[in-house]
Amino acid sequence: METASAFTLSTPGLLAVAAGAIAILLALIIKVKLHPFLALVIVSIGTALATGVTIEDLLPTLLSGFGKTLGNVALLIGFGAILGRIVAISGGAKVLADTLIRICGRDKAPLGLSIASLLFGFPIFLDAAFVVMLPVIYSIARELRGSLLLYALPATGAFLMMHALVPPHPGPVAASVFLEGDIGLVLMVALIVGLPTWYVAGYRLSLWLAKRTPYHPVPDLMGGAESDEVERASLPRFTTILLVLLLPLVLIFMNTGIATLISAGTLPEGNAVLNVLTLIGETPVALLISLCLAMWLLLLRGHEKGAMGAVNETIEKALAPVCSIILITGAGGMFGGVLTTSGIGEALADSLQSLGMPILVAGYVIAAVIRIAQGSATVAGTTAAGIIAPAVLADASLSGMPLACVVVAVVAGAIGYSHVNDSGFWLVGRFLGMETKTMLKTWSVVSTAISLMAFGLAWGLFAVLT
């Protein structure tokens, strides 16, 4: 969006404003403890005025970035949250874990739990997925009489990877929107990069760290061992849960494949059937289809006519916790929009390029620095993507799979280096009964390893493709 400016700053001046804006943003969130949504809005207004956006153009500039981001992100986050909650309250998480553990065997219970967490973590956010899976983790640790960390850490490693890299989680979706990447291709690259990262850094490293950590008992939370008993007759089938969770991936991949074949001239343009298949493979539509299927199979089928009231209550409870995430993501888009309009992003990109830092590396470094400083992966990812967006969009060679690699590199930087300013750090530590020192030796190490390995693989894939 082009706006009139009262004055024009030099590149050093723009960079000084950018540094000041980020410093103030971090101070408001860390020191003042102001909610990130309000902090981002306030800093966006100040940054716009400081860079010469006129009073008349201030509100349109702010709303342009905010509205564009929410138009793409809100549906994905909302549908993903509802789908995840339906799977959770239906008992699908327990069915998924029990089946995979039975397939893997008792000795491979940590692997079974990690795989279950990997699949379950596709539509549901890390904190919610972790809490939902906790009764299963507790039950297995009690039954097998092992240290809790042997089962909990591999599961959280899987949740971390999925939340970090894979749409429809807010960080990857928001970064895709800012950098104008195809979400289907981002999903493809995220899985190519993420699956090896999960196995090495999320599962193997977690298992190694857990074995090196002193025995950790199961805490008496969530009602104790009695709460682990679930009425088996009421649980859904494993194949039903698998269908619900994997259907959106299949539809999204179908959309990407058809679009690629049309661009290559293999399939014709304007074909009505292909147009319909492409539509149902769009990420919001794919999630909506899976969500409706989940409502029918897991909540409505075989129940009385009044069951729709319970479904609506489930939807309300699913949407309430993600409203904050949606608004923070939108405000991050507002801040990124201001940086783009003011020219700060271009100035920063030019400075990074003058230092010889590739844009993919710059995106990772910026995201990692912001993540370390203020804790929120969503804020770090959206802010970093907004900062590098002008340089990315100006480079015609950055499209398709290479662009998806840049997106994955940015969100990899945003998930690592978790420590005491990260809410997830305290959530996991509290439920596992772990001291801060133990968390720093386990959780923080795993998050950092996932970040570095995902970045390395994304960079390697980018180098091969370009």
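Summary of the structure given here.

Parameters at a glance
Residues numbered from 1 in each chain as written. Predicted model: local features only at pLDDT ≥ 70, side-chain atom pairs only at ≥ 80, totals over all residues. Heavy atoms only, no water. Core = buried A, V, L, I, M, F, W, Y, C linked by side-chain atoms within 4.5 Å. Buried < 20%, exposed > 50% of the residue type's maximum accessible area, 1.4 Å probe, protein only. Contact = heavy atoms within 4.5 Å. Phe/Tyr/Trp six-rings, centres within 6.5 Å; stacked < 30°, edge-to-face > 60°. Helix = DSSP H or I, 4+ residues; strand = E, 2+ residues; numbered from the N terminus. Expected span 1.5 Å × (residues − 1). Axes fitted to C-alpha atoms, helices over the stretch in contact; angles between N-to-C directions. Parallel < 35°, antiparallel > 145°, perpendicular 65-115°, else oblique. Left-handed = near helix turned anticlockwise from the far one by under 90°.

### A short note on the nonpolar core
Soluble globular proteins tend to pack their nonpolar side chains together in the buried interior.
At step 1: Counting residues in each nonpolar core, the largest one holds 154 residues, and the members touching the most others are Leu113, Met133, Leu165, Val166, Leu179, Ile388 and Leu432.
At step 2: In contact with Leu432, not counting residues within four places along its chain, are Phe130, Leu134, Leu148, Leu149, Ala152, His216 and Pro219.

### Focus on the packing of aromatic side chains
At step 1: A full pass over the atoms with the stated rule returns 5 aromatic pairs.
At step 2: Taking the centre distance of 5.9 Å and the plane angle of 65° together, the rings of Trp198 and Tyr199 count as edge-to-face.
At step 3: By way of ring pairs, the aromatic residues Trp198, Tyr199 and Tyr203 are connected into one cluster.

### Remarks on helix H16 (residues 377-394)
At step 1: A rise of 1.5 Å per residue sets the reference length of H16, with its 18 residues, at 26 Å; its end C-alpha atoms lie 26 Å apart and thus fit the reference within 8%.
At step 2: The buried fraction of H16 is high, at 16 of 18 residues.

### What to know about helix H8 (residues 170-179)
Given 3.6 residues per helical turn, the α-helix brings residues three or four places apart onto the same face.
At step 1: Among the 10 residues of H8, 10 are classified as buried, and the element is accordingly described as predominantly covered.
At step 2: Along H8, the residues that are buried comprise Pro170, Gly171, Pro172, Val173, Ala174, Ala175, Ser176, Val177, Phe178 and Leu179.
At step 3: Positive phi appears at Glu180, one or two residues downstream of H8, with a value of about 60°.

### Looking at the packing of helix H12 (residues 283-300) against helix H13 (residues 307-342)
At step 1: One can describe the packing of H12 onto H13 by two numbers: an axis separation of 11 Å at closest approach and a directional angle of 120°. Viewed along their axes, H12 and H13 adopt a mutual orientation that is oblique. Our pair here, H12 against H13, has a crossing hand that is right-handed. Together, Met295, Leu299 and Leu300 of H12 and Ala307, Met308, Val311 and Ile315 of H13 make up the contact between the two elements.

### Here we look at the environment of Pro402
At step 1: Turning to its location among the elements, Pro402 is positioned in helix H17 (residues 400-415).
At step 2: In this structure, the C-alpha to C-alpha distance between Pro402 and Leu185, residues 217 residues apart in sequence, is 9.5 Å.

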